[in-house]
Amino acid sequence: MLIRRQPRWALPEAMATPEAVYLDRRRFVAGGAAALAAAALGGCDRPGAQDIVPAVPDPSGDLYPVARNTAYTVMRDMTPFSVSSRINNFFEFGSSKNIAHKAAKLPVRPWEISIGGLVEEERTIAIDELLAKMPLEERVYRHRCVETWAMVVPWSGFPLKALVDLARPLGAAKFLVMKTFLNPELAPTQRQDWYPWPYTDILTMDEATNELAFLVTGVYGRPAPAQFGAPLRLAVPWKYGFKSIKSIVSFAFVEKRPDTFWEVVDSREYGFWANVNPDVPHRRWSQEMEWMLGTRELFPTRIYNGYGPEVAHLYDADDPKYFF
Ligand SMILES: Nc1nc2c(c(=O)[nH]1)N[C@H]1C(S)=C(S)[C@@H](COP(=O)(O)O)O[C@H]1N2
Ligand SMILES: [Mo]
């Protein structure tokens, strides 16, 4: 094995402890060491995620591939499917990144999505009905996890704004609260009831209607496999990855927001805004650099993950609160 000397910020994944492993370590000091060792082994020699058989067939295959919106491309190589489909964060299925085979047990049909709170009319809509209504396109986005790894993925889906327009929120709505499914029988970590399940994340209305906020239904020109957060997952590429909530079952418009999942778990580590910023370190590591999943190539982290032109106007860059 080639061992290179690396500067302090070049954190291998084992040092930038995945938040989930870290949490487990704090709670089960003994068991955590094994989890950490497993995380250190990385995800490279695992069976191919393409060999995994999903729990139920996904009937939306004919919709893909969809046309790429060339306004959203990046100056970096795409992360291969074989990498991004095998190394995932989906805490519901465990604290390691090798959860693709467990996530495959999630039946992504039937899948109902509720839209409620401060809207003209509350409603429930099935995913395939929603897919038929929404303007599907492909966008290549950068993704930056708070743990310092990054990837480039061709997502298919539609702007979150299209769903907001469908929902017709009332003027009083200030935030959009999104929740992941809750099914402890399928998702083993959801049996650990000291966590504030279901996973919840929240955007302001300005963020939710920003052109970049994207609801993902497919990846690499096909329906998204479960580990990516099928059948409906958020991508907000200017924020740390934990904001991009997976397998969403509800959208609620509210005036006063509750806390997010990660704020409840540890508000000193994972804030509400979570906008990417190289100059604001995480409590346990620097955010100056990022490394690409697969190649481990290092790049300097960019403010708003490089998406400043689209989102900088939403925040006051001099106010540190927005970068946590
Ligand atoms: N419901 C849910 N959504 C989630 C997570 C999770 O554990 N549960 N992990 C988040 C984190 S930390 C990241 S980095 C991304 C990972 O997405 P990927 O597995 O497609 O790379 O999903 C985010 N969305
Ligand atoms: Mo993450």
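Reference entry: report on the structure contained in this document. (Residues numbered from 1 in each chain as written. Chains lettered and ligands numbered in written order. Predicted model: local features only at pLDDT ≥ 70, side-chain atom pairs only at ≥ 80, totals over all residues. Heavy atoms only, no water.)

Attention shifts here to the side chain of Asn-305. With respect to the secondary-structure elements, Asn-305 resides in the loop between strand S12 (298–300) and helix H9 (308–311). The class of Asn-305 is buried, set by a relative accessible area of 1%. Beyond its immediate chain neighbours, meaning those up to four positions away, Asn-305 contacts Arg-142, His-143, Arg-144, Pro-237, Trp-238, Val-276 and Glu-290. (Helix = DSSP H or I, 4+ residues; strand = E, 2+ residues; numbered from the N terminus. Buried < 20%, exposed > 50% of the residue type's maximum accessible area, 1.4 Å probe, protein only. Contact = heavy atoms within 4.5 Å.)

The final tally for this structure, using the stated rule, is 31 aromatic pairs. On the basis of an interplanar angle of 80° and a centroid distance of 6.2 Å, the ring pair of Phe-91 and Phe-261 is categorised as edge-to-face. Here Phe-91 is found in the loop between helix H3 (81–84) and helix H4 (100–103), whereas its partner Phe-261 is found in helix H8 (residues 261–266), with 170 residues between them in sequence. Residue classification places Phe-261 among the buried residues on the basis of a relative accessible area of 1%. Put simply, the rings of Phe-91, Trp-194, Tyr-195, Trp-197, Tyr-199, Phe-242, Phe-261, Trp-262 and Tyr-270 touch in pairs and so form one group of aromatic residues. Its guanidinium or amino end placed over the ring of Phe-299, Arg-76 lies 3.8 Å from that ring's centre, counting from NZ or CZ. The aromatic ring of Tyr-72 is capped on one face by Arg-139, whose charged end is 4.0 Å from the ring centroid. (Phe/Tyr/Trp six-rings, centres within 6.5 Å; stacked < 30°, edge-to-face > 60°. Lys NZ or Arg CZ within 6 Å of the ring centre and 35° of its normal.)

All right, on to unusual backbone geometry then. Omega for the bond connecting Arg-109 with Pro-110 falls within 30 degrees of zero, at -15°, which places this linkage in the cis form. Looking at where Pro-110 falls in the secondary structure, it is placed in the loop between H4 and strand S1 (112–117). Looking along the chain, the bond that leaves Trp-197 and enters Pro-198 is cis, with omega of -5°. As for its placement among the helices and strands, Pro-198 is situated in the loop between strand S5 (175–180) and strand S6 (200–204). With a phi angle near 45°, Ser-247 is a residue other than glycine that sits in the positive phi range. Structurally, Ser-247 can be placed in the loop between strand S9 (233–235) and strand S10 (248–254). With a phi close to 50°, Tyr-304 is a non-glycine residue in the positive phi region. In this structure, Tyr-304 sits in the loop between S12 and H9.

The values reported here are purely geometric and, on their own, carry no functional implication.
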